[in-house]
Amino acid sequence: MSKIDTLIFDLGGVLVDWNPEYVYKDVFKDEEKRTWFLTHVCSPEWNIEQDAGRTIAEAEALKIAEYPEYEVEIKLFYEAWEHMFSGPIKENVRIFKSLVASKKYNIYALTNWSAEKWDKALELFPFFKDFDDVIVSGKEKTRKPFPEIYTLILNRFNIDPEKAIFMDDNQGNVEAFIKFGVSGIHVKPYTKLLDDLRSFGVDL
């Protein structure tokens, strides 16, 4: 195994907890209606296009044209976006900060995130500024798991994939990057991230 020198973190689901349910549970008291809305109206498929560069205004206009009766609830998605975070995932952030402090690794973030919400993200979570650099999908007009974004980060930061580990809560994103030769960790709610990193020879 090559000695690891680069760690690449996803953000949502790895270092911070984000879920639209935190906002819409107060909008739709009925769980079935809330699930329907977040599956068919402000759906993951709709939201991820903003991560790929579509503007929020375009996204809202499209959905309001489709579901005019939900105009207020659709606009709420980005108006109340910051309230969709419960906060940092404390143990994983502790590990991240220890790795940064160790100065043993190049540490980057590769995140599917709307470009229009990135400045607010830095306000909410100042430790995002501790990365050596960040690839924000919305700024690059492409997103995980498209091959272009993996090629981009490897080339921009001159990363040797055989010496890199990528951590993401989406298994498909991890599998897509593994095809480039990196090692991958699928981060789940009860993942012992430190144990997984140590299995690849990473130490703090």
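Source: prediction; values computed, not measured. (Residues numbered from 1 in each chain as written. Predicted model: local features only at pLDDT ≥ 70, side-chain atom pairs only at ≥ 80, totals over all residues. Heavy atoms only, no water.)

(A) Spotlight on the overall build of the protein. Along its length, the protein carries 11 helices and 7 strands. Here the C-alpha atoms of the protein give a radius of gyration of 18 Å, agreeing with the 17 Å that 2.2 N^0.38 yields for 204 residues. Principal-axis analysis of the C-alpha atoms gives the protein an extent of 55 × 30 × 30 Å. Out of the 204 residues in the protein, the part that is buried amounts to 49%. The long-range share in the protein, meaning contacts at least 24 apart out of those at least 6 apart in sequence, stands at 69%. Surface accessibility of the protein: about 10400 Å² in total, with carbon and sulfur atoms responsible for 49%. Side-chain charges in the protein split into 26 positive and 36 negative, and the spacing between the mean points of these groups amounts to 5 Å. (Helix = DSSP H or I, 4+ residues; strand = E, 2+ residues; numbered from the N terminus. Rg over C-alpha atoms; globule rule 2.2 N^0.38 Å. Buried < 20%, exposed > 50% of the residue type's maximum accessible area, 1.4 Å probe, protein only. Contact = heavy atoms within 4.5 Å. Areas by Shrake-Rupley, 256 points an atom, 1.4 Å probe, with all protein chains shown as cover. Lys, Arg positive; Asp, Glu negative; His and termini not counted. Charge placed at Lys NZ, Arg CZ, Asp CG, Glu CD.)

(B) Structural context of the nonpolar core. Formed by 53 residues in total, the largest nonpolar core has its most connected members in Leu7, Phe9, Phe128, Phe131 and Leu197. Broken down by element, the residue count for this core peaks at 4 residues, all from helix α6 (residues 90-102). Those residues in contact with Leu197 that sit more than four places away from it in its chain are Leu7, Ile95, Leu99, Ile165, Met167, Ile185 and Val202. Counting 17 residues, the second largest nonpolar core, distinct from the first, contains Ile149, Ile159, Ala164 and Phe166. (Core = buried A, V, L, I, M, F, W, Y, C linked by side-chain atoms within 4.5 Å.)

(C) Highlighting helix α9 (residues 147-156). For α9, the set of buried residues is Ile149, Tyr150, Leu152, Ile153 and Leu154. If you follow the buried residues of α9, they end up packed against β1 (6-9), β4 (106-111), β5 (133-136), α8 (137-140) and α10 (171-178).

(D) Structural context of the sheet that holds strand β6 (residues 164-168). The 5 strands are arranged β5-β4-β1-β6-β7 in an open sheet whose pairing can be described as parallel. The outermost strands of the open sheet, each flanked by one partner alone, are β5 and β7 (183-186). Adjacent strand axes in the sheet meet at a mean angle of 20°, parallel and antiparallel pairs treated alike. Judged from the 4 bridges that link them, β6 and β7 form a sheet pairing that is parallel. (Pairing = 2+ DSSP bridges. Axes fitted to C-alpha atoms, helices over the stretch in contact; angles between N-to-C directions.)

(E) Summary view of the pairing of β6. With 5 of its 5 residues buried, β6 lies for the most part within the structure. Neither face of β6 is exposed, since Ala164, Phe166 and Asp168 on one face and Ile165 and Met167 on the opposite face are all buried. Two elements, β1 and β6, share 4 bridges in a ladder whose sense is parallel. Along β6, the bridge assignment pairs Leu7 with Ile165. With α10 bridging β6 and the parallel β7, this β-α-β connection has right-handed handedness. (Right-handed = clockwise from strand over helix to strand, strands pointing away.)

(F) A look at the pairing of β4. Burial of β4 is extensive: 5 of the 6 residues sit out of reach of the surface. Summarising the sheet, β1 and β4 pair through 4 bridges and their orientation is parallel. Bridge pairing links Ile8 to Tyr108 in β4. As defined by bridge partners, β4 adjoins β5 across 4 bridges and the pair is classed as parallel. Bridged to Tyr108 within β5 is Asp133. Handedness of the β4-helix α7 (residues 118-124)-β5 crossover: right-handed.

(G) Molecular detail of the layout of surface pockets. In this structure, the largest pocket encloses a volume near 780 Å³. Along the walls of the largest pocket sit 29 residues, with Trp18, Asn47, Asp51, Asn112 and Asp169 positioned nearest its centre. Where the lining of the largest pocket is concerned, the elements lending two or more residues are α3 (44-51) and α5 (71-79). Among the residues making up the lining of the largest pocket, the classes are represented as 12 nonpolar, 10 polar and 7 charged. Size it by volume and the second largest pocket reaches roughly 340 Å³. For the second largest pocket, the lining is made up of 19 residues, of which Ile89, Asn92, Lys188, Pro189 and Tyr190 are closest to its centre. Mapped onto the lining of the second largest pocket, the elements with two or more residues apiece are β2 (16-18), α6 and α11 (193-199). Each residue belonging to the lining of the second largest pocket can be placed in one class, and the counts come to 10 nonpolar, 3 polar and 6 charged. (1 Å grid on protein atoms, 1.4 Å probe; cavity = no way out; pocket = protein on both sides within 12 Å on 5 of 7 lines; lining within 4 Å. Points joined across faces, edges and corners; volume = space filled by probe spheres on them. Nonpolar A, V, L, I, M, F, W, Y, C, P; charged D, E, K, R; others polar.)

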